[in-house]
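Fold and geometry: a report
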Amino acid sequence: MSSHRTTTAANTADIQATDASHHMHPFTNTGALNRKGARVIERAEGVYLWDSEGNKIIDGMAGLWCVNMGYGRKELVEAAHQQMQTLPYYNTFFQTTHTPAAELAKEIASVTPGDLNHIFFANSGSEAVDTVIRLVRQYWNIKGKPYKNILIGRENAYHGSTIGGTSLGGMSGMHKQGGPLVPNIERIRQPYWYGEAGDMSEEEFGLACAQALEEKILAVGPDNVAAFVGEPIQGAGGVIVPPANYWQEIKRICDKYDVLIAADEVICGFGRTGNWFGCQSFDFQPDLMSMAKGLSSGYLPIAAVAVGDRIANAFIEHDEDFNHGFTYSGHPVAAAVAIENIRLMKEENIVDYVANDIGPYFQTKLREMLSEHPLVGHIEGMGLVAGIALVKDKATKTLFPDDLDIGLICRDHCFENGLIMRAVGSRMVLSPPLVISHAEVDEVLEKARHCFDLTLASVDKG
Ligand SMILES: *Cc1c(COP(=O)(O)O)cnc(C)c1O
């Protein structure tokens, strides 16, 4: 075993104090956190985390949906170590390249569907999404249609927190802050069947949600719409799985009006849904797609946009610089880790494991163990991602009042009981590492059920 520093209770308090004095946390009420003290995570192995007080926690979220191949993978550490010694950094801007960037582009192209053969590198999902925005607008510009620059996203979508990602996303809490947003972005309703369909069947609702895209395209004028952007399954919005016919209809409408489709595969990509990419699970071919998280299993920050031949060739034939990129686009160390990560995924047949073994096991067992629970209104998911709607009344789908914050109560019980499960409003979400075993799935679900019982007891007490 490798040695590691062990934090004592006394220096847990020190770290918390230092953190409170100087660290502003993302998506956090920093004042409230400072009063309470952040939990200090110290080390990790497989699907487990240990905090500074020695608690062992099973990670039902793979970090933030990213540590797909699990913690403690020596192969990834070694790939970074080797590359750091050979070439720790060089840029790819001015007519230069290096082996890791070139090789990773080839590796990504080997797993993307269809003609998504051209790779633009970034460092985060947000940067990849911003790259999509600029790429599709510039594509239509090259094509002599600079007015075709409106992007259409969806309510409750998450595309990152740069100004571009925030604008394209549909998170009202984010739109309220740090605006004004980027212009020429429109949004349509989300395909959230359980929450928003009323009496419609899944099929009727899938069609209706897709037709909202056609209505929006006609309202703003087809000649003005550059692209539709969507997550195959909405992740941070609470794991919303669209009806099976939804993406087919979206694709038909986009083709009809010559609107590009960008799949935001930052969560769905790299095996999460039981295919390499989420678009394959819904059987549609995007014109381009953004990816990040699982690309390196989160070991180093790296992201990419895979671009189809139609768009890439337009840029290549246009014979002009594309004035976009990042100092660390294709960073050699991050790229070396991503290459090794993809190699490991192939060697261990992890996508097949999710599709045919652990994914079906997880989805079946999840329903067996939780669908009868009094708090559970509905369970949806695919592969190794799932969302669970918590309700006050199952029959009427009545939610708990907002000020009760049922999701946070449940999340806190999970935290106290050695399980990381995330709350999105009143929905609980799971997205464990893809390498999770059957016994570890059982542990996640047994803990989850126990914590749902504790949550129910807390609200009954009032
Ligand atoms: C996480 C996420 C992003 C943003 O990625 P960052 O690396 O946090 O910038 C974008 N799109 C989707 C679908 C995501 O889940």
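In this text the structure is predicted, and so the values were computed from the model without any measurement. (Residues numbered from 1 in each chain as written. Predicted model: local features only at pLDDT ≥ 70, side-chain atom pairs only at ≥ 80, totals over all residues. Heavy atoms only, no water.)

1. As for the site of the ligand
Around the ligand, a shell composed of Ser-124, Gly-125, Ser-126, Tyr-158, His-159, Gly-160, Glu-231, Asp-264, Val-266, Ile-267 and Lys-293 is seen. Contact distances for the ligand include 2.8 Å between an oxygen atom and a backbone N or O atom of Gly-125. Between Asp-264 and the ligand, the recorded distance is 2.7 Å, taken from a side-chain N or O atom to a nitrogen atom. Split by residue class, the shell around the ligand holds three nonpolar, five polar and three charged. (Near = heavy atom within 4 Å. Polar contact = N/O pair within 3.5 Å; in protein donor to acceptor, adjacent residues only side chain to side chain. Nonpolar A, V, L, I, M, F, W, Y, C, P; charged D, E, K, R; others polar.)

2. Comments concerning the sheet that holds strand β13 (residues 419-420)
Taking strand neighbours across the sheet as the criterion, the four strands line up as β1-β2-β3-β13 in an open arrangement whose pairing is mixed. Each edge of the open sheet is held by one strand with a lone partner, namely β1 (41-45) and β13. Across the sheet, helix α17 (residues 438-461) is in contact with β2 (48-51), β3 (56-59) and β13; its angle to β3 comes to roughly 105°. (Pairing = 2+ DSSP bridges. Helix = DSSP H or I, 4+ residues; strand = E, 2+ residues; numbered from the N terminus. Contact = heavy atoms within 4.5 Å. Axes fitted to C-alpha atoms, helices over the stretch in contact; angles between N-to-C directions.)

3. Notes on the pattern of salt bridges
What the rule picks out here adds up to 16 salt bridges. Glu-75 is the partner of Arg-73 in a salt bridge, and the nearest nitrogen-oxygen pair spans 3.5 Å. With a closest N to O distance of 2.5 Å, Glu-348 and Arg-73 form a salt bridge. Residue Glu-348 is located in the loop between α14 (332-347) and α15 (350-370), and its partner Arg-73 is located in the loop between α3 (62-65) and α4 (74-86); the two are separated by 275 residues in the primary sequence. Connected via shared salt-bridge partners are Arg-73, Glu-75 and Glu-348. (Salt bridge = Lys/Arg side-chain N within 4 Å of Asp/Glu carboxyl O.)

4. Focus: the nonpolar core
Phe-228, Leu-295 and Ile-388 are the most contacted members of the largest nonpolar core, which totals 107 residues. Among the elements that line this core, the one with the most residues is α15, at nine residues. No fewer than three residues from each of domain 1 (9-72 + 349-461) and domain 2 (75-347) sit in this core. By size, the runner-up hydrophobic cluster in this structure holds 29 residues, among which are Leu-168, Ile-185, Leu-260 and Ala-262. (Core = buried A, V, L, I, M, F, W, Y, C linked by side-chain atoms within 4.5 Å. Buried < 20%, exposed > 50% of the residue type's maximum accessible area, 1.4 Å probe, protein only. Domains from an automatic or database assignment.)

5. Observations regarding the domain arrangement of the chain
Its domain assignment divides the chain into domain 1 (9-72 + 349-461) and domain 2 (75-347). Centre-to-centre separation of domain 1 and domain 2, based on C-alpha positions: 26 Å. Contact with domain 1, which involves 36 residues of that partner, is made by 35 residues of domain 2. Approximately 2,800 Å² of surface area, both sides summed, lies buried where domain 1 meets domain 2, with 61% of it carried by carbon and sulfur atoms. Broken down residue by residue, the surface that domain 1 buries against domain 2 is led by Trp-65, Val-351 and Met-382, which jointly contribute 23%. (Buried area = accessible area lost by both parts, 1.4 Å probe.)

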